[in-house]
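Now for the letters of each chain:
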Amino acid sequence: MASASSISSYYLHNLCSNILQRDPNSKPRKNITTLNKIRTFPLLHRPPICSSRWEGRDSSTFNIFASVASADIELDETVEKVQLPKGDTWSIHKFGGTCVGTSERIRNVADIIVKDGSERKLVVVSAMSKVTDMMYALIFKAQSRDDSYISTLDAVLEKHKSTALDLLEGDGLSSFLSRLHQDIGNLKAMLRAIYIAGHATESFSDFVVGHGELWSAQLLSSVVQKNGLDCKCMDTRDVLVVNPTSSNQVDPDFLESGKRLEKWYSENPSNMIVATGFIASTPQNIPTTLKRDGSDFSAAIMGALFRARQVTIWTDVDGVYSADPRKVSEAVILKTLSYQEAWEMSYFGANVLHPRTIIPVMTYDIPIVIRNIFNLSAPGTMICQSIGSEDENGQRLESPVKGFATIDNLALVNVEGTGMAGVPGTASAIFSAVKDVGANVIMISQASSEHSVCFAVPENEVKAVSSALESRFRQALDAGRLSQIAVISNCSILATVGQKMASTPGVSASLFSALAKANINIRAIAQGCSEYNVTVVVNREDCIRALRAVHSRFYLSRTTIAMGIIGPGLIGGALLDQLRDQAAVLKEKFNIELRVMGITGSRTMLLSDVGIDLSKWRDLQMEKGEKADMQKFVQRVHGNHFIPNTVIVDCTADSYVASRYYDWLRQGIHVITPNKKANSGPLEQLRALQRQSYTHYFYEATVGAGLPIIKTLQGLLETGDKILRIEGIFSGTLSYIFNNFVGTRAFSDVVKEAKEAGYTEPDPRDDLSGTDVARKVIILARESGLKLELSDIPVQSLVPEPLKASASAEEFMQQLPKFDQDLTKRRQEAEAAGDVLRYVGVVDVINQKGIVELRRYKKEHPFAQLTGSDNIIAFTTQRYEKQPLIVRGPGAGAEVTAGGVFSDILRLASYLGAPS
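Reading guide: rules and limits
- For every chain, the first residue of the written sequence is number 1, and numbering continues from 1 onward in sequence order.
- The predicted origin of the model limits local features to residues at a pLDDT of at least 70 and limits the giving and counting of side-chain atom pairs to 80 or more, whereas totals for whole chains, interfaces and linings rest on all residues.
- Only heavy atoms go into the side-chain values, all of them from the structure, while hydrogens and water stay out.
- Aromatic rings from Phe, Tyr and Trp, taking only the six-membered ring of Trp, are treated as a pair when their centres fall within 6.5 Å; an angle between ring planes under 30 degrees marks them as stacked, one over 60 as edge-to-face, and anything in between as tilted.
- Runs of H or I in DSSP of at least four residues are treated as helices and runs of E of at least two as strands, each being numbered from the N terminus.
- Relative accessibility under 20% of the residue-type maximum defines a buried residue, over 50% an exposed one, and the middle range a partly exposed one, all with a 1.4 Å probe and only protein chains included.
- Note on definitions: angles span 0 to 180 degrees between N-to-C directions of axes, and those axes are lines fitted to C-alpha atoms, for helices only across the stretch in contact.
- These descriptions rest on fixed angle ranges, namely under 35 degrees for roughly parallel, over 145 for roughly antiparallel, 65 to 115 for roughly perpendicular, and the rest for oblique.
- For a crossing to be left-handed, the near helix must be turned anticlockwise from the far one by less than a right angle; the clockwise case is right-handed.
- A contact between two residues is defined here by any heavy atoms of the two lying within 4.5 Å.
- Charged means Asp, Glu, Lys or Arg here, nonpolar means Ala, Val, Leu, Ile, Met, Phe, Trp, Tyr, Cys or Pro, and polar covers whatever is left, Gly included.
- Here a polar contact is recorded for every N or O atom pair within 3.5 Å, except that within protein the pair must consist of a potential hydrogen donor and a potential acceptor, and residues adjacent in sequence are included only if both atoms are side-chain atoms.
- Any two strands with at least two DSSP bridges between them are considered paired.

Now for the packing of aromatic side chains. Scanning all chains against the criterion turns up 15 aromatic pairs. Aromatic pair Trp 90 and Phe 306: ring centres 4.5 Å apart, planes at 55 degrees, arrangement tilted. Of this pair, Trp 90 sits in strand E1 (residues 90-95) while Phe 306 is found in helix H11 (residues 294-306), placing the two residues 216 residues apart along the sequence. For the pair Trp 90 and Phe 306, a shared accessibility class is recorded, and that class is buried. On the basis of an interplanar angle of 75 degrees and a centroid distance of 6.2 Å, the ring pair of Phe 738 and Phe 741 is categorised as edge-to-face.

Here's what the structure looks like:
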C-alpha cells in the first residue's frame, strides 16, 4: 500500500500541474521550482492538539492533504475499540465566529461548555470573526497575483498567535504555536503555487479556507484542557463525508460519516469534544466545505449522528425575531418555531437558519435552540416539532402567524396569452428556458384560467430570463398565441409564515386587509395548499411599510395608530391629556394603541420614532422641541416608523393647515379635525377622495364640539330619512351670552364676562360676527345634500358696524358699551311678548337655503331652556316632523371639543379593526 505522504504529494503535484496548464495566459513558469518545494517540503511533527488519523505518523514529505487522504491507513490494532454511546446524554453546541472572535470570548465559550450540565457534549466552532473572509482574500489575492497576500497571511498568523499568547501557556502554548507556524508555512507554499498559476481550484480554496476552523477548535480545546478537563479536538474532515451536488450545496453521506465517527471515537473516547465546523471531506477524501452557514450545518449533522438531545446554536441575538428588527423596531423574539416555520422563514431571507440545517435534526426530532452568548438570561428560540398552542378551554394562546420575511431586488416576469390555456407543456417550456440560463425562481403564481403565469427572479437575472423566453417563444409571440412576456422591475417579496394558519379562518383576510389599509398594492400572490406560507409581491418602495403593516396587525395591539397632533393649544393640549389618561385603558380593554409620534405648533415641534411620553409632553417640547416644519413633521409621523396607520389631528383654526388635508388623504393619512375651515370650503374633493380610498376624514367636533351632531345627521340620512330643516344654537359662546343677557344687564357687560371666563375667542368679534355659526350651517347643509357656499348664507352680525374696523380687541371692548342700546331694546321687546332672544343657524332643506340670525322664541320652546354654554340642535325630518329630534349638551370649551375629537379617533380605530 502506498504511503499517505506519497499519495498526497502525487495528488498535489497533479493538481498544481493542472492549475498551471489550465491558464494558457498565465505568466511564464520561471518559478516552477516552487512547485517542487511544495512536493518535497519536510513535514514537521504535528503535536497532538486536534485528534486526527495521521497524528504520530512519520512522513518525509509535505502532505498537504494528509488529514483526509489517509483513510486507507489502518487503526493501530493495539488500541482497544470503544463503542460510541448515542442518545440523549449528548448535547451539541455550535459557536459562531463572533462568539470566538477574541481571546476573552473564547474564555467565555469555554466557561459555558464547562458549566453545561449535560453528561456528554460536542462543541462545533467556526473560525474566529473575520478570519474566513481573510482566508478567502488570501486566495483571491494570490490568484490575482497580488503580492499583498503575504501581508494578509502575516495578519492571520498574528491574530491567532496573539490570541494563543493571551489564552495558553506552557506545553499547550508551544504545541499550538508549533502547529500554527507549520500550517502558515504550508499555506505560503500553496498560495505561491496559486500565485504562479493565477488560478485556484475549488479543492484548493476549500483546503485553505478550512484552516480558520482548525485553529479556533485547537485554541478552544486547549483552553478547556487548561482547566483540567479531558477534551478531545476533532478535525471533522476525518468524520464528515459529503457529496457535492453544486457549487453551493453538498449532501451528507450519513452512513459513511457514521462509520467514520465510530472509528474516530474508538481512538479518541471522551465526554467532551471540540469539533471543527464548516469543513468535511468528499468520498474521495478530498477536503471540501459545507458551503453557506456550514458550521450550523455541521452542528445539525453531528446532532443527527450522535442522536443528541438538543443542538444549541450560539449567536449574538436573543433568538429568532418575528420580523427583521432593522425594519420593524417592535419585532418580538419567538419562543418556539416548528421545523416547517423555520424552514419557510429562512428560505425567504429571515436570519434564522439555512433550510438545509434543519433537515438532519428533523429526522430524529432533535430540537434546535438559538441563544445569545452575550445575554445568557435570554431563553432563546426553540425550533422543534409543532407543539400545541391552546389552553384547557381550547382557546388559542398565540397568533397563527409566527413571522414575516422579505426578499428585495426582485423582478416579476409575466408570460401571458390565450394560447396557453389547456396546452400541455407550456409551463415546462417556460421553466426549462429559465433553467437553461441558470436563473433562480423565487416564487410562481398562475391563474386557474391558465391564461398567464408569473414568477419572481432576482433582478440581476431578469434580463437573461426575458431574452431566453422571447427566443424560446418567438413563434408563439409572432402568431399571437402569446400576447406578451412582460417584466415588472423593482419588486419585493413579503412572506407570512405560520403553521397554524391552515387551521385558522380569516388569516389571509386579515393579512390583505392590513395591506389595503396601509395603501399597499399587491402585484402577485402565492400560497401552497399546506398554508404554512402566504407570499405576496409588492413594489420595492412599499416593502418596509407593508412589512410593518402586517406585523402590527398580528403582533402589536389589534389596532395601532400613529398620530400627529397639530396645534397643542387649548383643544390640542386637552386632547393630549385625555390621550395620556386613557392610553392604558384603551390598550388593556379594547386592544387599541394610540401613539403620538409628533406634536407641532406654529413655532416648534416635537418628534419621536417610537412615541412621545404624554406624561411630560409639555416639558419635552420645551427641552427637545425643534423649529416647526410641516413637511418634515408629516414625513416623520407617516413615514419613519413601524405603524402602518397614520392620522393627523388638526386642532387649529388655520386655513393653511386645512388646505393640506387633500394631499394628506391622498398619501393614505387619515385626518381628524375640529377645524371648520375645510368643510366650509371646497369639501367635495375631500369626500370624493375618501370614497375612493381607505383613508378617513372625520370632523364631528366641527359642529357642536363633543355633541354627536354630524353622526346623528349621517345616521338619519343613511337609514333613508329625509331632512326637512335643521335649526340650532351652534355657538357655545353666543349661547352663554344670550342665556345671561337678562334683566337689566348690559350686553357689553355679558360679553366682557364671557371673555374673562374664556368662552370667547381672544377677539370677541370672531364670535359676535356670526361667521363661526355660518361655517357650521354650511357643514350641515352640505351633509344634507345642499350645494351652498359660505357666501350664500345671510349672516346677521352682532358687531356694530363702526367697531368692525377697531384696531384691537381691547379697543373694541372699550367702545362696545356705546352700542348696548339697540340690543337692550330688542331684549325688552322680546321679554314683553314672553319671548327670549337666541342666536341661531338654520338649514332650510326644502327651500335649499341657510341663514344665521338673532331670533325670538317662546319661553316654553326648548331653545329657551338652555343654561350656560349649551348647544341645542333640532332635526325636523320626515320621521321627526311633528316633534323634532333634539340633541342638546355642552357645545363649547376645550375639554368637550377635545372629547369630540377623541371620539372621532376611537371611531377611526373601530374602522381600522378595533372592537366596537
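Our focus in this paragraph is the packing of helix H5 (residues 131-143) against helix H6 (residues 149-167). Packing of H5 against H6 leaves a shortest axis separation of 9 Å and a crossing angle of 160 degrees. With respect to H6, the element H5 is oriented roughly antiparallel. By crossing handedness, the relation of H5 to H6 is classed as left-handed. Where H5 approaches H6, its residues Val 131, Met 134, Met 135, Leu 138, Lys 141 and Ala 142 are matched on the opposing element by Tyr 149, Thr 152, Leu 153, Ala 155, Val 156, Lys 159 and His 160. Each residue belonging to the contact of H5 with H6 can be placed in one class, and the counts come to 9 nonpolar, 2 polar and 2 charged.

Quick look at the environment of Asn 271 now. Residue placement: Asn 271 occurs in the loop between helix H10 (254-267) and strand E6 (272-276). Judged by its relative accessible area of 39%, Asn 271 falls in the partly exposed class. Expressed as a C-alpha distance, the spacing of Asn 271 and Lys 121, which sit 150 residues apart in the sequence, is 6.2 Å. Discounting residues that sit within four places of it in the chain, Asn 271 has contacts with Trp 90, Glu 119, Arg 120, Lys 121 and Tyr 265. In terms of polar contacts, Asn 271 uses its side chain to reach the side chain of Arg 120, at 3.1 Å.

This part covers the sheet that holds strand E28 (residues 849-858). Pairing is antiparallel in the open sheet, where 5 strands are placed in the order E28-E27-E26-E29-E30. Every interior strand has two partners, whereas the edge strands, E28 and strand E30 (885-890), have only one. Going across the sheet, the axis of each strand differs from the next one's by a mean of 20 degrees, ignoring polarity. With 4 bridges connecting them, strand E26 (residues 723-729) and strand E27 (residues 835-844) associate as antiparallel partners. Note on E27: the bridge partner recorded for Glu 727 is Val 842. Sheet strands in contact with helix H31 (residues 820-832) are E27 and E28, and its direction is about 100 degrees off that of E27.

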